[in-house]
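# Observations on chain architecture
The lines below spell out each chain.
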Amino acid sequence: MKPTNENRTDLKKAVLSLLWSHCGGIIVALIFCIGMSPLLFGNGLWISTPIVLLVYSLPVYRTMWEIGHADLNRAHFGHITLNRWRGIQIGLLAMIPFFLTGVFFLLSKTGLFPNFVVLYKFLNAELWPVINLIQISMYLPDYNWFQAISVALLIHLIPVAIAEFAYQLGSRDFSIKQKLVYKEKKEGPKPRS
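Residues numbered from 1 in each chain as written. Predicted model: local features only at pLDDT ≥ 70, side-chain atom pairs only at ≥ 80, totals over all residues. Heavy atoms only, no water.

### Looking at the nonpolar core
Ranked by size, the top nonpolar core spans 26 residues in total, and within it Leu18, Met64, Ile67, Ile90 and Met95 carry the most contacts. At the level of secondary structure, the elements contributing two or more residues to this core comprise helix H1 (5-35), helix H2 (45-76), helix H3 (86-94), helix H4 (96-109) and helix H8 (157-171). At seven residues, the largest contribution of residues to this core is made by H1. Aside from chain neighbours lying at most four places away, what touches Leu18 is Val60, Thr63, Met64, Ile90, Gly91, Ala94 and Ala163. One finds Leu53, Val130, Tyr143 and Ile155 within the second-largest nonpolar core, a separate group that totals 15 residues. (Core = buried A, V, L, I, M, F, W, Y, C linked by side-chain atoms within 4.5 Å. Buried < 20%, exposed > 50% of the residue type's maximum accessible area, 1.4 Å probe, protein only. Helix = DSSP H or I, 4+ residues; strand = E, 2+ residues; numbered from the N terminus. Contact = heavy atoms within 4.5 Å.)

### Observations regarding the packing of aromatic side chains
Counting across every chain of the model gives six aromatic pairs. Each ring, one from Phe105 and one from Tyr120, has its centre 4.7 Å from the other, and the planes form 35°; the classification is tilted. Residue Phe105 is found in helix H4, and its partner Tyr120 is found in helix H5 (residues 117-123); the two are separated by 15 residues along the sequence. Judged on exposure class, the residue Phe105 and its partner Tyr120 are both buried. Both rings, one in Phe116 and one in Tyr120, keep their centres 6.0 Å apart while their planes meet at 45°; by these two values the pair is tilted. Exposure class is identical for Phe116 and Tyr120. Each is buried. An aromatic cluster of at least three residues, connected via ring pairs, comprises Phe104, Phe105, Phe113, Phe116, Tyr120 and Tyr143. A cation sits over an aromatic face here: Arg84 above Trp85, 4.8 Å from the ring centre. (Phe/Tyr/Trp six-rings, centres within 6.5 Å; stacked < 30°, edge-to-face > 60°. Lys NZ or Arg CZ within 6 Å of the ring centre and 35° of its normal.)

### A short note on H3
Those residues of H3 that fall on the buried side of the exposure criterion are Arg86, Gly87, Ile90, Gly91 and Ala94. Within H3, the buried residues cover an arc of 135° as seen down the axis, which keeps them to one side. (Arc of directions from axis to C-beta.)

### Some remarks on the packing of H2 against H8
Axes are the key here: two packed helices are described by the angle between their axes and the distance separating the axes. At a minimum axis distance of 7 Å, the contact between H2 and H8 shows a crossing angle of 40°. By the angle between their directions, the pair H2 and H8 is classed as oblique. H2 and H8 meet at a crossing whose hand is right-handed. Two secondary-structure elements touch here, H2 through Leu53, Tyr56, Ser57, Val60, Tyr61, Met64, Trp65, Ile67, Gly68, His69, Asp71 and Leu72 and H8 through Ile158, Pro159, Ile162, Ala163, Phe165, Ala166, Tyr167, Leu169, Gly170 and Ser171. Class assignment for the residues of the contact of H2 with H8 results in 16 nonpolar, five polar and one charged. (Axes fitted to C-alpha atoms, helices over the stretch in contact; angles between N-to-C directions. Parallel < 35°, antiparallel > 145°, perpendicular 65-115°, else oblique. Left-handed = near helix turned anticlockwise from the far one by under 90°. Nonpolar A, V, L, I, M, F, W, Y, C, P; charged D, E, K, R; others polar.)

Right, here's the structure in full:
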């Protein structure tokens, strides 16, 4: 299918929607990180990491599931062809500003900027416990280059993976919430007449 202006506009809308949801998720994650600050060290990381990722994921999941579901509906009516990689595409495009913060993190490791760790953790609060799993230190020289690259670039693939997962479920019309809330009734034996 040849890209049209409508497709480009739709992609921009989807990326902006995900970006806003991502920012909302960061704010919620930051509140949880501050509230659970004693758990951001040591064994507490095994508790705080899934909690923070879960609360961050809720707005991102909802947005991407709706985008996937809308794409499924449009595909049913022949308006588009479903693209298997659309969730990843939207996720990567929305994460560009955060990949750039990772570049600044790496540049500060080389000494071009002052210590960027504290600000970086605040800007990427949804990944704060994951960053602490890699290296707890707030002092940049404590990070080796593998840790710095992991923190700066690779961990940003976690929100992309969440976006792709939600998009795929939406494009398959599979709702986790619906499966948790509603149970299918099993048909029992028919009453005799």
